[in-house]
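# Analysis of the macromolecular model
Listed here are the chains, written in short residue letters.
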Amino acid sequence: MTIRVLLADDQALVRSAFALLIRSAPDMTVVGEADEGDQAHELVRGAHPDVVVMDIRMPGVDGIEATDRIARDEDLAGVRVLILTTFESDENVLAAIRTVAAGDALLSPGATRSLITRVLRTPDPAVASAASLQELTGREREVLTLIGRGLNNAELAEALVISPLTAKTYVSRLLTKLDARDRAQLVIAAYESGLVQTG
């Protein structure tokens, strides 16, 4: 399967570099480029990429707001967003795209903080309520807390001394119980419920 990627960055040189990198991978192709968040959302609606590689800082609508729009758009439920901050190597970028395309989450601490700060200013009523958190077991609350701190499935497994498959099962249960669309909403739920504190 070819992973269809849309690039959103306000710097043409950066977009060109990423496009060249992505086109060099045999399992990826670039289906569009945007230089600001509003344009990114419109292009995603037309191209339906598998993954959007999104810069955080763009003029007008920034990457966080554009990601929020994409996540709330029911027609784009299958589209994954990779918010770029800083990567050490080309291999890390390609690996991150593959991780996100496969449906796993990859949230850097910086991107997580920005997302949480933005969402806490305008809470989403669709995100888990206090009542739905009461349905969680103690272990599920522990997993939700660790997700809120940015741990991926492998890190969850290590922290809780369980298998990666069991960690993935806990995440799936949390998504179902909290009626969350993706891992980012679980992070938000952890903060809004007070399981994880800002700062």
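As the structure is a computational prediction, the values presented were derived from the model and not from experiment.

Attention shifts here to the pairing of strand β1 (residues 3–8). Burial within β1 is extensive, with 5 of its 6 residues counted as buried. Here β1 pairs with strand β2 (residues 28–34) via 6 bridges, running parallel. Each bridged residue has a counterpart across the sheet, and for Val 5 the counterpart in β2 is Val 30. Note that the unit made of β1, helix α1 (residues 12–23) and β2 has a crossover that is right-handed. Of the pairings in the sheet, the one linking β1 to strand β3 (residues 51–55) comprises 4 bridges and is parallel in character.

Here we take up the nonpolar core. The biggest cluster of nonpolar side chains holds 22 residues, and the ones touching the most others in it are Val 143, Leu 144, Ile 147, Leu 156, Leu 174, Leu 178 and Leu 186. Excluding residues within four positions of it along the chain, Leu 156 makes contact with Val 143, Leu 146, Ile 147, Leu 151, Ile 162, Ala 167, Val 171 and Arg 183.

A few words on the UniProt feature "modified residue: 4-aspartylphosphate" (unreviewed entry) in the protein chain. Taking the UniProt record as the reference, the feature "modified residue: 4-aspartylphosphate" (unreviewed entry) is found at Asp 55. Sequence-distant contacts of Asp 55, that is, excluding residues within four places in its chain, are made with Ala 8, Asp 9, Asp 10, Gly 63 and Leu 84.

With their axes 8 Å apart at the nearest point, helix α7 (residues 138–148) and helix α10 (residues 183–192) run at an angle of 105 degrees to one another. Judged on the interaxial angle alone, α10 and α7 are roughly perpendicular. Contacts between α7 and α10 involve Leu 144, Ile 147 and Gly 148 from the former and Arg 183, Leu 186, Val 187, Ala 190 and Tyr 191 from the latter. Here the residues of the contact of α7 with α10 are counted per class, giving 6 nonpolar, 1 polar and 1 charged.

One pass over the full model with this rule turns up 0 aromatic pairs. Its guanidinium or amino end placed over the ring of Tyr 170, Arg 173 lies 5.3 Å from that ring's centre, counting from NZ or CZ.

On to the side chain of Glu 36, then. Along the polypeptide, Glu 36 turns up in the loop between β2 and α2 (37–47). Of the buried charged residues, Glu 36 lacks a salt bridge, with Arg 69 as the closest side chain of opposite charge at 6.7 Å. At 3.1 Å, the side chain of Glu 36 forms a polar contact with the backbone nitrogen of Asp 38. A polar side-chain atom of Glu 36 sits 2.8 Å from the main-chain amide nitrogen of Gln 39. Residues within four places of Glu 36 in sequence aside, it is in contact with Met 58, Pro 59 and Val 61.

Here the focus is empty space enclosed by the protein. A water-sized probe rolled over the atoms picks out the places where empty space is left. This structure, assessed with the given rule, holds 1 cavity of 30 Å³ or more. The computed volume of the largest cavity comes to approximately 40 Å³. At the level of secondary structure, the elements contributing two or more residues to the lining of the largest cavity comprise β1 and β3. Considering every element that reaches the lining of the largest cavity, the biggest residue donor is β3, with 3 residues.

Time to look at the environment of Asn 152. On the secondary structure map, Asn 152 appears in the loop between α7 and α8 (153–160). Put simply, Asn 152 and Arg 183 are 31 residues apart on the chain and 9.6 Å apart in space, counted from C-alpha to C-alpha. Within the local environment of Asn 152, its side chain forms a polar contact with the backbone nitrogen of Glu 155, the two atoms lying 2.8 Å apart.

Cut-off values and rules
Residues numbered from 1 in each chain as written. Predicted model: local features only at pLDDT ≥ 70, side-chain atom pairs only at ≥ 80, totals over all residues. Heavy atoms only, no water. Buried < 20%, exposed > 50% of the residue type's maximum accessible area, 1.4 Å probe, protein only. Helix = DSSP H or I, 4+ residues; strand = E, 2+ residues; numbered from the N terminus. Pairing = 2+ DSSP bridges. Right-handed = clockwise from strand over helix to strand, strands pointing away. Core = buried A, V, L, I, M, F, W, Y, C linked by side-chain atoms within 4.5 Å. Contact = heavy atoms within 4.5 Å. UniProt positions renumbered as here; feature names shortened; annotations may be inferred. Axes fitted to C-alpha atoms, helices over the stretch in contact; angles between N-to-C directions. Parallel < 35°, antiparallel > 145°, perpendicular 65-115°, else oblique. Nonpolar A, V, L, I, M, F, W, Y, C, P; charged D, E, K, R; others polar. Phe/Tyr/Trp six-rings, centres within 6.5 Å; stacked < 30°, edge-to-face > 60°. Lys NZ or Arg CZ within 6 Å of the ring centre and 35° of its normal. Lys, Arg positive; Asp, Glu negative; His and termini not counted. Salt bridge = Lys/Arg side-chain N within 4 Å of Asp/Glu carboxyl O. Polar contact = N/O pair within 3.5 Å; in protein donor to acceptor, adjacent residues only side chain to side chain. 1 Å grid on protein atoms, 1.4 Å probe; cavity = no way out; pocket = protein on both sides within 12 Å on 5 of 7 lines; lining within 4 Å. Points joined across faces, edges and corners; volume = space filled by probe spheres on them.

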